[in-house]
Amino acid sequence: GYDVFWSMRFLELLEFRQRHGHFLIPQNKTLGMWVRKQRHSFQHGLLSSERRGSLMASGLEFDLLRRDWDAKFQQLLAYKQANGDCFPSVMSTG
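Being a predicted model, the structure only gives us computed values, none of them experimental. (Residues numbered from 1 in each chain as written. Predicted model: local features only at pLDDT ≥ 70, side-chain atom pairs only at ≥ 80, totals over all residues. Heavy atoms only, no water.)

Draft legend 1. Representation of the side chain of Ser41 in the model. Note on placement: Ser41 falls in helix H2 (residues 30–43). Leaving out residues up to four positions away in the same chain, Ser41 has contacts with Leu46 and Leu47. (Helix = DSSP H or I, 4+ residues; strand = E, 2+ residues; numbered from the N terminus. Contact = heavy atoms within 4.5 Å.)

Draft legend 2. Broad picture of the nonpolar core. Grouped together as the largest cluster of nonpolar side chains are 13 residues, with contacts concentrated most on Leu13, Leu31, Trp34, Val35 and Leu55. Those elements that place two or more of their residues in this core are helix H1 (2–20) and H2. Leu55 has contacts with Trp6, Phe10, Leu13, Trp34, Gln38, Leu47, Leu60 and Phe62, leaving out every residue within four places of it along the chain. (Core = buried A, V, L, I, M, F, W, Y, C linked by side-chain atoms within 4.5 Å. Buried < 20%, exposed > 50% of the residue type's maximum accessible area, 1.4 Å probe, protein only.)

In structure tokens:
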């Protein structure tokens, strides 16, 4: 049933992370679509506590906007430390 399917996808997710070192799975792949659904379910409180716990323990990030914002903020802090201001030019941001 659905529990077997969920467990199989979860193991596939763990294998992907072990192989690639991240969870940035292409969204056009079956696993990527499954991960997107899990993130959506997590954000809307639709996951069981067991599944939520398994996904959290795996290290899967649920709030990608927050993750990206935090990464850019860390880049800005590094820029400020190196340059003394928070005004990087468009060319210096890559």
